[in-house]
Amino acid sequence: MASCALLLLMLATAVPLAGATVFRVLALQIAEITRPGLAAEELSVRFDAHAQSGEIAVGRLRVGAREWRALSLRCGRLHLDDGVLGCSAARLELRGRRLPFEADIEATLGPGPARIVLRLAEGGRIEAAIQADGSLRARLHRIRPAATAALLEPWLAELAARLRELEAVGVLDAELDYRPAGVGDASATLRGRIAGGGFGSGDGLRAAEGVEAGFTLDARGTGAAWSWAAQLDWDAGAAYVHPLLFEAGPRLRAHGRFDGRRIVLERGELALDGVAAASARGVFDTFGGTLDTLAVELTDVDLVRIGPRWLAPLLAPASAQRLRLEGRADLRAELRRDRLETVDVELHGAGFGLASPQGEGIAAGGVAEEARAEVLAFGPVDGRVRWSSRGRGEAALQVGGGRWEKLALGAFALDAVLGPAGLRLPGARIPLLDGALVLRDLALGWSVAGWEGSAGAVLEPVSMPLLTEALGLPRMAGVMSAALPGLHLRPGELVLDGTLAVSVFGGWVQASGLRVHEPFGVASHLTGEIEARHIDLAQLTEAFSFGSITGHIDADVRGLELSSWRPTAFDARIASIAGDERRRISQRAVQNLGALGGGGALAAVQRSVLRLFETFGYRELGLRCRLAKGVCEMDGLDAAPDGAARADGGFTIVRGGGVPALDVIGYNRRVDWNELVARLQRVVAEGVSPTID
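Rules of the game
- Residues numbered from 1 in each chain as written.
- Predicted model: local features only at pLDDT ≥ 70, side-chain atom pairs only at ≥ 80, totals over all residues.
- Heavy atoms only, no water.
- Buried < 20%, exposed > 50% of the residue type's maximum accessible area, 1.4 Å probe, protein only.
- Helix = DSSP H or I, 4+ residues; strand = E, 2+ residues; numbered from the N terminus.
- Contact = heavy atoms within 4.5 Å.
- Pairing = 2+ DSSP bridges.
- Disulfide = S-S within 2.5 Å.

Draft legend 1. Seen up close, helix 2 (residues 145–152). Of all eight residues in helix 2, six are buried, a share of seventy percent or more. Listing the buried residues of helix 2 in full gives Pro145, Ala147, Ala149, Ala150, Leu151 and Leu152. On its buried side, helix 2 packs onto strand 10 (125–130), strand 11 (136–143), helix 3 (157–165) and strand 12 (169–179).

What follows is the structure, encoded as structure tokens:
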């Protein structure tokens, strides 16, 4: 619209009209009119003096590098008074389509002032006054996004479409004051305010509401060389740009240069809650639409205040609500050609914690206890991390300690080599109780699919008494150790080659084929196989207050599956070891074993003289549980490959032998797993016998 106003001024100066001239209709054909930065071709002008109306048609209009064809300006009333040409209630059409505004234009013939008023939809209004020396003063009043999109569509269609897609709302008021170069440099000042601003994308990944902000831009220059200074004050509202949430409060101050193509940010400073100082410098190429360079520096960042809002969504988007950060940090980063190039982070007493998923670790009083709720924690952490997209980087960190579930970790150091898309850690020793977890040749890489990597690990012997005490389990003798030559991390999966071995209860337990899906996710899933050999029943039953049983057993757990670290499927068998050894079982152990199978063995004891004995001899012991869909299918010594059972439908758990002797028979073949676990836990905790219906 401003281009047509300038065109009207050019026509006014190009076609001198004398006030005394008398004519009814004036028609002109003009091949071309040019001014700096503006060219109009194939013009036709028609002025009806009697009707006081007129029309200007332009075949092609060029402003700067942009071009439009088939424009026409129709004046509802065209008049010439005292050397001032006026066009009221004007309508502009582009290729036969009327643009959504009306205009009033007044221009002095020859050198002199001009005034333009655009009336937009929803009460929007743009007023501009141009003086003879080229100075301009414009005012934008209550401009709304819908009216702006309609105004921009013929000229900047992509920007108009973007405004509509975002369903932008709000009101803009602004003033522009421009003074051309005279004795000194040219200058321009833009001041404005946005009220009730907001937007929302259809995918929900971008949104804003209630935005109130004021801004100022001052510029001075000659020709294409300009210097500028800007400030932005965000007073109210919030915005979400996935995965980050921004809230009102930041204050931006910036200054730089503009050479006609590049916007140079010499220094920008951002006042941000939780950051002592935030600054930036960079270069933006307006022709290519690219960020050539950007350097950002944050000093003395409070991770408690900045972490939940800015860092957690970037570091762990799926677990942002579970991630805790504390301590302080300094950050420097550089981008080049819209790509991150270097990152330099210094940590000072930093701490990190990952809470358990699905609200686990809540204390009895209903309040989350940090020590119980977090499944992983490290800190304090001090050191420096330097990464570069161009080559080698380094990470040197001193970790004061940590915690994995209920296990305390001692102090350790991490010295890693960083690459553009991964890291390599030659080795690290992490103290764990009286042993240690030793990592070897850890290599991690990042791709669009997620993290991938491999490592070797050795668990140096850990005392089982210390381990069971730390985990809140009954005290057990022995040690735990592991040799895992291959740990393989794939997106959403952790695979462990080798075995995890525990020396306990006079024998050993070994886990192999371990595979974890979503190890740090809400729906973690573990599969594997477990076998136990030569377990001393006397130590086992004493540790769990189950009653007394002597002898040794072997056990196998096939097809083990854990979901969120709880059993959902397995096929488990335990059986006594053949051999000549003294085997005894107490009345209380008989009671508890019989209850597992729903048998009546204890009642039989109480009805006979055998009730006079505290222990009984037995020849063999065996029990099987196949867990599926929350139900444990029970079986015992009589289990056969063809599934045949005893004639009475029961199954033998203990086969008697010696004097006195008895058999323990179970009859309940289907047991609810959660109910079974709950009642057995009560047996261990309270020393009472379970009841299995």
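So much for the structure itself; the text now carries on.
Draft legend 2. Geometry of unusual backbone geometry. Here His242 and Pro243 are connected by a cis peptide whose omega angle stands at 5°. The topology assignment puts Pro243 in the loop between strand 15 (225–241) and strand 16 (244–247). A cis amide bond links Gly379 to the next residue, Pro380, at an omega of -5°. Located in the positive-phi region is Ala70, a residue other than glycine, with phi close to 55°.

Draft legend 3. Looking closely at the pairing of strand 27 (residues 412–419). Pairing analysis gives seven bridges linking strand 24 (residues 393–399) to strand 27, with the strands arranged antiparallel. Along strand 27, the bridge assignment pairs Gly393 with Leu418. Following strand 27, the chain reverses through two residues before pairing antiparallel with strand 28 (residues 422–432).

Draft legend 4. Quick peek at the state of the cysteines. Evaluation of the coordinates by the stated rule reveals two disulfides. Each disulfide pairs two cysteine sulfurs, and for Cys75 the partner residue is Cys87, the sulfurs being separated by 1.9 Å. The S-S bond linking Cys75 to Cys87 shows a torsion near -105°; that makes this disulfide left-handed. Of this pair, Cys75 sits in strand 4 (residues 66–75) while Cys87 sits in strand 6 (residues 84–94), placing them 12 residues apart in sequence. Exposure remark for Cys87: the relative accessible area of 0% places this residue in the buried category. Between the sulfur atoms of Cys625 and its disulfide partner Cys632 the distance amounts to 1.7 Å. By relative accessible area, which is 10% here, Cys625 ends up buried. Disulfides within the chain link the bonded cysteines, taken in sequence order, as 1-2, 3-4.

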